[in-house]
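Architecture and fold: a report
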Amino acid sequence: MKARMFGLLGIAAIMFLLVAILSARISREKNGPLFSGVISPHPAAVSASSASGLKTRAVVLIVMDGFRWQEVFDGPEHDLMDEKHGGAQDVKQLREDFWRDTPGMGRLVLMPFLWSVVAQKGQIYGNQHKGSIAQVTNGYKFSYPGYNEMTTGYPDKRIDSNEFGPNPNKTVFEWLNNKSEFHDQVGIFATWSAFNDIFNVKTSGLMVRVGWKLAWLPQLTPREQRLKKLYESTTQVEDDDAFDSFTHEDLMDYLETHTPRVLFVGYGGTDDWAHEGKYDLVLQAAHQDDQHIAELWNTLQSKRAYHDKVTFIITTDHGRGSGLEQWKDHDKDIDGAENIWIAVMGPDTPPLGEMANVPRVTQSQIAATIAALLGQDYRASVPAAAAPLPVIGDATGKPGGPK
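Positions within a chain are numbered from 1, following the residues in the order the chain's sequence is written. It should be noted that, the model being predicted, local features are given only for residues of pLDDT at least 70 and side-chain atom pairs only at 80 or more, the latter also being counted only at that level, while totals for whole chains, interfaces and linings use all residues. Side-chain figures throughout are based on the complete set of non-hydrogen atoms in the structure, without hydrogens or water.

Okay, the pattern of salt bridges next. By definition, a salt bridge exists where a carboxyl oxygen of Asp or Glu is found within 4 Å of a side-chain nitrogen of Lys or Arg. For the coordinates displayed, the defined rule picks out 15 salt bridges. Across the salt bridge formed by E71 and R68, the nearest N and O atoms sit 2.7 Å from each other. When sorted by exposure, E71 lands in the same class as R68, which is buried. R261 serves as the salt-bridge partner of E181, at 3.0 Å between the closest nitrogen and oxygen. Burial status follows relative accessibility: with a 1.4 Å probe on protein chains alone, a residue under 20% of its type maximum counts as buried, one over 50% as exposed, and anything between as partly exposed.

This is the structure we're talking about:
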């Protein structure tokens, strides 16, 4: 009997050892060299950010393309909620969904996550009615110059077209990816195919999944197979701009098996529908993006690697005009298209809410802010970059941080 018992114990020990070895191998395969991006939740992994007292271990920059500060702070514009000026298909339903009697109620129903969570736990800049100005500095007031400015930290007058081609400037995402601490832990997800050039996919070494034409692995889960089929079989309203929902689902799939430390997420629906003069669809796209951002935040917070360790920066690449017609457009000749908004929420950002009577902030400050939140001094390598936004608290929790 004793011999049999010892034999069974020996077999159990061998099986336990085999399971441990197999689990380790599976973990290595799932997080291979291309998508290794693992944040260790254990104290042994000490980074520059933790050494400097920062709690942020991951940063997500989210951009809602061309979404005006007016809607963010004042809610839907009543004068555009009709067929004549706003191109609405169902005016009654539009007004039922988004018409509210006060700006405060209107903006809350339009973007409930931004106003009930982000603005409560973080900071939001750009309400010009309250003396908070946020602007682009590139002078062009359209997408490629804006994305270059926010990701490199400075405007480049050479970039004067959305068809400019590969970006000659290295973004903060590439700069971080070149550091051993962040290598292969940086991801770019966006609807617009031009991000292949903006992030210079051919030379940057970044993992970029943008537009309609994505690279797919040979072996896909059933969910990934369905998403691939949707990408390949859906009628493309814009041949260079996929739907926000598709990009979002691709991102959520990625986060099932990967743990990046730096993410760029670009939603394009708000700009696409504004150019089409469809104000009802602009509002629907903004509302859906707000839900996407909420899902992304809640998903990350549910993971040990990110819980209370991630900072979101939410913004837009440019503003638009005002009035009954110019709300559709933006460029260097459109007054007001330089005005944007920026929201930040994370463990190192004091919850000051909607900012009022504060110094002007600019789009060019975003790049250094991403690095600073991760304990990195971007401006030491890129002196042309603007200083970080004043969103990083000091030891007392007051605004401060790198200048």
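Among the six residues of strand 7 (residues 310-315), six are classified as buried, and the element is accordingly described as predominantly covered. At least two bridges found by DSSP between two strands is the condition for calling them paired. Strands here mean DSSP runs of E at least two residues long; helices mean DSSP runs of H or I at least four residues long; both are numbered from the N terminus. Examined bridge by bridge, strand 1 (residues 58-64) and strand 7 share six bridges and lie parallel to one another. From the neighbouring strand, I62 faces strand 7, where its bridge partner is I314.

For the rest of this paragraph, the subject is the pairing of strand 1. Counting buried positions over the seven residues of strand 1 gives seven, a clear majority of the element. In strand 1, alternate side chains face the same way, and those of A58, V60, I62 and M64 on one face and V59, L61 and V63 on the other are all buried. In this sheet, strand 6 (residues 262-267) lies alongside strand 1 in parallel orientation, the contact comprising six bridges. Considered in strand 6, the bridge of V59 is made with V262.

With axes taken as lines fitted to C-alpha atoms, and helix axes fitted only over the stretch in contact, angles between N-to-C directions fall between 0 and 180 degrees. Running from amino to carboxyl end, helix 7 (residues 112-121) crosses helix 15 (residues 279-301) at an angle of 40 degrees, the nearest separation of the two axes being 8 Å. Between helix 7 and helix 15, the crossing angle belongs to the class labelled oblique. Contacts from P112, F113 and L114 of helix 7 reach helix 15 at H287, D290, I293, A294 and W297. Grouping the constituent residues of the contact of helix 7 with helix 15 by class yields six nonpolar, one polar and one charged. Orientation is classified from the angle alone, with under 35 degrees giving roughly parallel, over 145 giving roughly antiparallel, 65 to 115 giving roughly perpendicular, and any other angle giving oblique. Residue contacts follow a heavy-atom distance rule, with two residues in contact if any of their heavy atoms lie within 4.5 Å. Three categories are distinguished: nonpolar for Ala, Val, Leu, Ile, Met, Phe, Trp, Tyr, Cys and Pro, charged for Asp, Glu, Lys and Arg, and polar for the others, with Gly belonging to the last.

Another aspect to go through is the packing of aromatic side chains. Each aromatic ring pair is specified by the distance between its two centres and by the angle formed by the two planes. Aromatic contacts are taken between Phe, Tyr and Trp rings whose centres are within 6.5 Å, Trp giving its six-membered ring; a plane angle under 30 degrees counts as stacked, one over 60 as edge-to-face, and the others as tilted. Enumeration over the complete set of coordinates arrives at 22 aromatic pairs. Ring centres 5.9 Å apart and planes at 90 degrees place the aromatic pair F173 and F264 in the edge-to-face group. Linking F173 in helix 9 (residues 172-177) with F264 in strand 6, this pair joins segments that are 91 residues apart in sequence. By relative accessible area, F173 is classed as buried at 0%. The class of F264 is buried, set by a relative accessible area of 0%. Aromatic pair F243 and F246: ring centres 5.6 Å apart, planes at 80 degrees, arrangement edge-to-face. Put simply, the rings of Y147, F173, W192, F195, F199 and F264 pair up and form one aromatic cluster. We count a charge as sitting over a ring when the NZ of a lysine or the CZ of an arginine lies within 6 Å of the ring centre and within 35 degrees of the ring normal. Positioned above the aromatic ring of W115 is the side chain of R107, whose terminal nitrogen or guanidinium carbon lies 3.6 Å from the ring centre. Here the basic side chain of K179 rests over the ring of W175, its NZ or CZ set 4.5 Å away from the ring centre.

Further remarks concern the confidence of the model for the protein. For residues with low pLDDT, the predicted coordinates do not support detailed interpretation. Within a predicted model, pLDDT stands for the predictor's per-residue confidence, ranging from 0 to 100. On average, residues of the protein score 89 in pLDDT, and 85% of them are at 70 or above. When the criterion is pLDDT under 50, residues 11-46 qualifies, and its contacts beyond four places in sequence or with other chains add up to 34 contacts.

With that settled, the discussion passes to the sheet that holds strand 9 (residues 353-354). Strand order across the open sheet formed by eight strands is 5-4-6-1-7-8-2-9, with mixed pairing between neighbours. Lying at the two open borders of the sheet, with one neighbouring strand each, are strand 5 (207-210) and strand 9. On the sheet, helix 17 (residues 366-373) packs against strand 1, strand 6, strand 7 and strand 8 (342-345) and is oriented at approximately 170 degrees with respect to strand 7.

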